[in-house]
Amino acid sequence: MPASPDVDVAIIGAGAAGLATAIFAKRRSPALRVRVLDGARSPGAKILVSGGGRCNVTNVSVTSADFNGGRPAIVKQVLRALPVPATIAFFREIGVTLHEEERGKLFPDSHRARDVLDALVHELGRLGVELRAGHRVAAISRVDEGFAIDTSQGPLSARAIVLATGGLSLPKTGSDGAGYTFAQRLGHTVVPTTPALVPLIVDATAPRQFHARVSGVSQPVHLIVRAGETSIARVDGPLLWTHFGISGPAALDASRHWLRAELEGGAPSLAADLAPGERFETLEARWLDLTRQQPRASIARALATLMPASVADALSSAQALGTDTTLATVTRDTRRALLHAIAAWPIAVTGSRGYSYAEVTAGGIALDEIDPRTMASRCCPGLYLVGEILDVDGRLGGFNFQWAWSTAKVAGDALSLFA
Ligand code: FDA
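Residues numbered from 1 in each chain as written. Predicted model: local features only at pLDDT ≥ 70, side-chain atom pairs only at ≥ 80, totals over all residues. Heavy atoms only, no water.

(A) Main features of the sheet that holds strand β5 (residues 98–100). Taken together, the three strands give an open sheet; going across it, the order is β3-β6-β5, and neighbouring strands pair in antiparallel fashion. Whereas interior strands pair on both sides, the edge strands pair on one side only; in this sheet they are β3 (58–59) and β5. Across two bridges, the pairing between β3 and strand β6 (residues 105–108) is antiparallel. In the strand pairing of β6, N59 is matched with K105. (Pairing = 2+ DSSP bridges. Helix = DSSP H or I, 4+ residues; strand = E, 2+ residues; numbered from the N terminus.)

(B) Structural detail: the side chain of Q402. Residue position: Q402 is located in helix α12 (residues 399–414). Looking at Q402, the relative accessible area reads 1%, which means it is buried. When neighbours within four sequence positions are excluded, Q402 is seen to be in contact with V57, T58, V62, L79, L82, V84 and T87. (Buried < 20%, exposed > 50% of the residue type's maximum accessible area, 1.4 Å probe, protein only. Contact = heavy atoms within 4.5 Å.)

(C) The site of the ligand, seen in detail. Taken together, 32 residues surround the ligand, and among them D38, K46, V137, E388 and F401 come closest. Separating an oxygen atom of the ligand from a side-chain N or O atom of D38 is a distance of 2.6 Å. Here the ligand has 1,000 Å² of accessible area as a free molecule, and 94% of this is covered by the chains. Elements with a contribution of two residues or more to the shell around the ligand: α1 (16–28), α2 (45–53), α6 (178–185) and α12. When residues of the shell around the ligand are assigned to their parent elements, the largest contribution, four residues, is made by α2. Across the shell around the ligand, the residue classes break down as 12 nonpolar, 15 polar and five charged. (Near = heavy atom within 4 Å. Polar contact = N/O pair within 3.5 Å; in protein donor to acceptor, adjacent residues only side chain to side chain. Areas by Shrake-Rupley, 256 points an atom, 1.4 Å probe, with all protein chains shown as cover. Nonpolar A, V, L, I, M, F, W, Y, C, P; charged D, E, K, R; others polar.)

(D) The arrangement of the sheet that holds strand β16 (residues 268–273) in detail. Reading across from one edge, β17-β16-β13-β14-β15-β12-β18 is the order of the seven strands in this open sheet, with antiparallel pairing throughout. The open sheet has two edge strands with one neighbour each: β17 (345–347) and β18 (349–352). Pairwise comparison of adjacent strand axes, ignoring direction, gives a mean angle of 40° for this sheet. Here β16 pairs with β17 via three bridges, running antiparallel. Following the sheet pairing, L270 is matched in β17 by I347. Its contacts with the sheet place helix α7 (residues 248–263) against β12 (200–202), β13 (218–227), β14 (230–241), β15 (245–247), β16 and β18, and it is angled at close to 145° to β14. Against the sheet, helix α11 (residues 332–343) contacts β16 and β17, and its axis sits at roughly 115° relative to β16. (Axes fitted to C-alpha atoms, helices over the stretch in contact; angles between N-to-C directions.)

(E) Spatial organisation of the pairing of strand β10 (residues 154–163). Along β10, seven of the 10 residues are buried, which leaves the element largely enclosed by surrounding structure. Note: strand β1 (residues 7–12) against β10, five bridges, orientation parallel. Looking at β10, one finds that V9 is bridged to A160. Summarising the sheet, strand β9 (residues 146–151) and β10 pair through five bridges and their orientation is antiparallel. Across the sheet, residue F147 finds its bridge partner in β10, namely A158. Two successive antiparallel strands, β9 and β10, enclose a turn made up of two residues. Bridge analysis of β10 against strand β22 (residues 383–385) gives three bridges, and the strand direction is parallel. Along β22, the bridge assignment pairs L163 with L385.

(F) How the structure looks around the environment of G179. Inspection of the secondary structure puts G179 in helix α6. Note on G179: relative accessible area 1%, which makes it buried. Along the chain, G179 and E101 lie 78 residues apart, while their C-alpha atoms are 34 Å from each other. Apart from the residues within four sequence positions on either side, G179 is in contact with L163, T165 and I389.

(G) Molecular detail of helix α4 (residues 84–93). Within α4, burial applies to V84, T87, F90 and F91. Down the axis of α4, the sector holding all buried residues measures 115°, keeping them to one side. Among the exposed residues of α4, those pointing more than 90 degrees away from its buried face are P85, R92 and E93. Turning to α4, the residues buried within the fold contact α1, β3, β5, β6, α5 (113–127) and α12. Two residues or fewer after α4 comes G95, characterised by a positive phi angle close to 100°. (Arc of directions from axis to C-beta.)

So this is what it looks like as structure tokens:
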């Protein structure tokens, strides 16, 4: 380590967390020499693809209950450093005004993720932060009072390092898990990872599975994830049936719970209430009304009052109820069995589409090894960790970016120590 290192702070990773950390650090300490390194030629690719190209920047209501992984008390403390109104104000300051959409999601008024990335990069330039694209970091070592960094463009020395390398989701954007190895070599523990917010694959050969037949159809559901007999998560929202299984908001939100249970050997299972919000008694009363009005209607016709007609058709075939069974001829036991079945329809999940289709990574650097007042490592002085690399994953709705912004604010403020 030279007596005078090349920079005060080297931030590895120019995604949401790395860019925002650099901005907060430079705003707090204008004299701080900050350099952001990214292996990708065009950093920020994940911001560009986020929210269907519109970037769901945050949510009107963010609490620790919206996150999984490390201890909620730590998440809460970090979130307090940059609450939602401060996040909205931050983006307004850099020229991105936000508006609210369904479920409290906040998007840029321009509807362009590109504007979010451009605003962050522009602010970086205005503050005089050096951004080096195409600088892949191969190794980091602790040297004397600082760090030696091997990059694809040569060595660099720094007094402090921020690991903002993301997790394993969508690896083509540059986040391939390298940061976990750096952190482990510097003394950290990695909580085993799984994809999260990821489409799920369903066994088409299992009994009563009809996803492929209704591929492309979406419907509201209530999903219940169980580990053995224990219910571990309940999710409401739209479900999209696909040729391989299930996707859409409800499936994505349920995915981490199923995959974590599988990782932990918990025998996960998934069931869908296909007529969510309806009590058995109400459903049965409606069914009997319909029977009086249209006794010769098919079972699928009755089910189609509760769900998309194509799903109703597929479901009655899966229950072996042919078109010759009418509302008038169906027995009371069959009717009741069917109404119970649609309230807990088994979906035979076998796994996920993997990190290439995941929006985020569950697991990562153990949160207990970070000081939530600074995001400093408790294992290696001078090391800071922000964003998805940590063992925290949010549900769908802007929470993962909020985690990036909040961790960035905490670390950015703390880095003034190195000015
Ligand atoms: P991120 O992965 O963004 O950045 C890490 C950076 O580090 C990359 O640029 C990578 O190139 C760089 N890097 C890695 N290793 C390196 C090395 N060895 N050397 C140099 N550089 C290295 N969230 C949300 O809140 N709202 C949304 O709308 C969406 N939508 C969405 C859609 C899709 C398709 C995906 C995949 C994800 C989302 N997300 C989301 C999740 C959100 O994008 C994610 O949580 C954040 O981008 C994580 O930000 P980070 O900066 O932590 O990692």
